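# Structural characterization, general
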Amino acid sequence: MNIIVLLKQVPDTETQIKIAPDGKSIVTDDIKWIMNPYDEFGVEEALRIKEKFGGEVTVVGLGPKRVTESIRTALAMGADKGILITDDALEGSDSLAVAKAITAAVKDLDYDLIFTGQRGIDDDMGVVGASVAELLGIPNISLGIKVEISEDQKTVTVNRPVEGQTLVIESSLPALITAQKGLNEPRYASLPGIMKAKRKPLEEKSLADLGLDASEFGTEARKVKILELTPPPERAAGKIIEGETPQEKAAELARLLHEEAKVL
Amino acid sequence: MAEKFVSERNLKFLLYEVFDVEGLTRYSYYQDHGREIFDMILDTALRMGKDLLHGTFQEMDRNPPQYVEGRVKVHPLVRTLMRECGEGGWIGANAPYELGGQQLPIMISAASRFIFFAANYSASVYPLLTSGAAHLIESFGTEEMKALYIPKMFSGQWQGTMALTEPQAGSSLSDITTKAVPTQEGYYKIRGQKIFISAGDHDGADNIIHLMLAKIEGAPHGVKGISLFVVPRLRPEPDGTLVPNDVQVAGIYHKLGYRGAPITQLSLGENDDCRGYLVGEPHKGLSYMFQMMNEARIDVGMGAAAIASAAYYAALEYARERPQGRRLRSKDPSLPQVPIIEHPDVKRMLLFQRAVVDGSLALLLQCAKYADLEKVQEGEEKERHGLLLDLLTPVAKTYPSEMGLLSVSQGLQCLGGYGYCDEFPLEQHYRDARIHPIHEGTTGIQGLDLLGRKVVIKGGKAFKLYLEEVRGAVARAEATRGLDAGAGLLEGALQRLEEVTAHLLELAPGDPELFLADATLYLELFGVVTVAWQWLLQALRASEALEADPSGGDRDFYEGKLRTYQYFFSYELPKIEGLCRRLLQSDGLTVNLEDRHFTD
């Protein structure tokens, strides 16, 4: 069973995000970069399936050279090989362009399953997984919280949460599954795993290597343009309800909820 | 609870920029390592600290181990952590490949321990003790012993301990009475009592392996009659089954802090069926045990610095958020209150904490570097770094332990009344930190070790090498703009230290009691001078980095380093003057004082 995992590198959730002077991007100095947590669920699931059925796990990342660190982390967890799609012309690409580049990198690989996170925790678009499945012409199953491969390794059954219920989907293989929180608890990289990761193959591919035209990528080629980034509104100060008795306070609270908050 | 408990930036600054851990990869033992691997290891340690350990920091304190029907029940995290640390390769990380280790530099494992300790000290000691005990078997055990115990200990299935203390023999190990009687079968029958044995029994591991000191029947008196034994709770039979080895848990102690880890009382050989297996040669046990003890002393310093780090970041977070009062320069009472970090006295308290935390961590990583170099070098260089490590071990144990406690206290002070309450973690840090001046040799014992033994070993060679090392930093600082004043202050302090040392050594032949009466103060003096040296090393690197005109967070970091260096040299270093004056007096006040003078 050969499995591909697509991963993105995103700012650590604890990083204080600052908007850059251009108003359309963020300041990337002093950011700590991590593997997108949803992609990490994908890596873990791929490793578990590999441990059960054998085969290889290939991790594919896209972005600047620093993305190598996240690919190496996946290799340290137990993945077998890595591919980094890196090209200056990719800077500023939108989700669809990213999906096209990834598709070009994986289409000729031998795979039965592709995992990726249900979305990146940075841009929260949730587009790449479905787009890659569409471009590859394979089924896309989103928000997987349980994945089971049939004993004959021909089909996959995926549980997906819907409105408090669970939808159970069966699909032929190959298929693309996007991972949701709850799928598994990703393992920590082990020290022997970290030592081995250094010696595992990690290939770099440029757009030219993938036979792609650089003019279709980057900020200029975006179909979705970012006009402006604004920080979330600052939380307003709380209010202490004044009053002599509980009854008075309750009446005042009801008045404020009605007149100011307009929720009653 | 505060999220941040260590500074990753500072750890990397010390490892890569000040102490050049990458330089170790020049030696063949470490040649497979490199920056990328170190970064991944630190990153994993930070994640484990955050996700696995930090979340149960308070819970383990509130639900301490229970003694139930002769066994000790601990928090379920202990089993998980032992497994993660075993499967992850953390317990055997420093060991050679052929024993299943990763030949990891001691500097990197020390940095990882700092992270684990800061996240949750109590939880971290279980794998740590196992590491130390396994290393002792690795160094002095037979091949059979290694094969039998090390894999199970490295995998986290079996817990290791160090079993030294007895009811009547704590600091004075020469007075232990646990007996070992030789048998025809080659093993010894052990009988006696041990107390204060950390992780001496618990249900988070499948077996407990005690590295225990005992006296073989008829052995000479004193420390030369002590031997080292492996005493398992369940002894492995040749067919692989485990049978009870007559090690009874008589009880556990209820402690002020560090409550997530039990300290136990053990009773050995009540049914005359406790077998011990001799490690190395008879009567040499204490010198073997000192390998583990010296490592453990550095780890105690690390634990103390780590707890102080967690307390500092909790205090810092609070100081930035808590509005209280107005700047003294502001005359307008209608202005909103300012966060307390704007008050100079609060800044002073925070600076003190940072000076202690980063200064201690630097000293501990310096020691780890000496340990690495001693391990991989040969000849004179090996001896040099071994001697420096020997000399600095009592300092690296004590400065963080004693000053860390004051540092946590200042952290607690930043929170005022809230600091004293258990909604905030400071009160727990304060309780947890209090063990460090006590265990693995009290501060008093460390003072005796430094002045009575280390300063004079090899005709004072270690001390001479130390002066050379510090003067190397002084010389570099003299040639660095902005640091020449600090260089002068440290040189002055070194001269005072030399003067005091020479004065005390003159007393030694006449009256050992007078010579060592204030050894603890001497250790305190030595600690301040040594940490000043570590601050000068950090300042040298920060100045160099600022020459390159860094931006953003990097500039703030290096400037913060220089400010803290200035704080140390302006507020802490001058304190040695009082110590020097006292140490030069040698009037024997405490030597001649009698019991009756204390009564009323």
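## Comments concerning the overall build of chain B
A tally of helices and strands in chain B yields 19 helices and 12 strands. Its C-alpha atoms give chain B a radius of gyration of 24 Å, near enough to 25 Å, the size a compact globule of 600 residues would have. Counting only C-alpha atoms, chain B reaches 85 × 65 × 55 Å along its principal axes. Taking all 600 residues of chain B together, the buried fraction comes to 58%. The long-range fraction of contacts in chain B, counting pairs at least 24 apart against all pairs at least 6 apart in sequence, stands at 75%. A total accessible area of about 24300 Å² is found for chain B, and carbon and sulfur atoms account for 51% of it.

## Quick notes on the interface of chain B and chain A
If you look at the interface, chain B gives 29 residues, while chain A gives 17 residues. Taken together, both faces of the contact between chain B and chain A bury some 1900 Å²; the carbon and sulfur share is 58%. The largest share of the area that chain B buries against chain A comes from Met-40, Arg-47 and Gln-102 of chain B, three residues that together contribute 28% of it. Between the two partners, chain B and chain A, sit 5 salt bridges.

## A few points about the domain arrangement of chain A
Accessible area lost when the parts come together is the quantity often used to give the size of an interface. Per the domain assignment, the segments making up chain A are domain 1 (2-221) and domain 2 (233-264). Computed from C-alpha atoms alone, the centre-to-centre distance between domain 1 of chain A and domain 2 of chain A is 47 Å.

## A look at the environment of Ser-109 of chain B
Residues and elements named next belong to chain B. One can find Ser-109 in helix H5 (residues 106-119). Linking Ser-109 and Phe-38, residues 71 residues apart in sequence, is a C-alpha distance of 9.7 Å. Residues contacting Ser-109, with those up to four places away along its chain left out, are Asn-94 and Leu-104.

## What about the nonpolar core?
Ranked by internal contacts, the top residues of the largest apolar core, which has 241 residues, are Leu-211, Tyr-466, Tyr-522, Leu-525 and Phe-526 of chain B. In terms of residue count, helix H8 (residues 285-321) of chain B provides more of this core than any other element does, 21 residues in total. Leave out the neighbours within four places in its chain, and Tyr-522 of chain B touches Leu-450, Leu-451, Val-455, Phe-463, Leu-497, Val-500, Thr-501, Leu-504 and Leu-583 of chain B. Within the second largest apolar cluster, 25 residues are counted, among which are Val-106, Val-132, Leu-136 and Leu-207 of chain A.

## Points about the sheet that holds strand S7 (residues 140-144) of chain A
Residue and element names in this part refer to chain A. Judged by pairing direction, the sheet is parallel, and its 7 strands sit side by side in the order S7-S11-S6-S1-S4-S5-S12 without closing on themselves. In this open sheet, the two strands that pair with only one neighbour each are S7 and strand S12 (202-205). Looking at each pair of strands side by side, their axes are set apart by 20° on average, direction ignored. Sheet strands touched by helix H2 (residues 67-77): strand S1 (3-7), strand S4 (57-62), strand S5 (81-85) and S12. Its angle to S5, the strand with the most contacts, is close to 165°. Across the sheet, helix H3 (residues 95-106) touches S1, S4 and S5, and the angle it forms with S4 is around 145°.

## Here's the deal with the state of the cysteines
In the structure shown here, the tally under the stated rule is 0 disulfides over all chains. For the unlinked cysteine Cys-421 of chain B, the closest cysteine sulfur is that of Cys-414 of chain B, found at 16 Å.

About the cut-offs
Residues numbered from 1 in each chain as written. Chains lettered and ligands numbered in written order. Predicted model: local features only at pLDDT ≥ 70, side-chain atom pairs only at ≥ 80, totals over all residues. Heavy atoms only, no water. Helix = DSSP H or I, 4+ residues; strand = E, 2+ residues; numbered from the N terminus. Rg over C-alpha atoms; globule rule 2.2 N^0.38 Å. Buried < 20%, exposed > 50% of the residue type's maximum accessible area, 1.4 Å probe, protein only. Contact = heavy atoms within 4.5 Å. Areas by Shrake-Rupley, 256 points an atom, 1.4 Å probe, with all protein chains shown as cover. Buried area = accessible area lost by both parts, 1.4 Å probe. Salt bridge = Lys/Arg side-chain N within 4 Å of Asp/Glu carboxyl O. Domains from an automatic or database assignment. Core = buried A, V, L, I, M, F, W, Y, C linked by side-chain atoms within 4.5 Å. Pairing = 2+ DSSP bridges. Axes fitted to C-alpha atoms, helices over the stretch in contact; angles between N-to-C directions. Disulfide = S-S within 2.5 Å.

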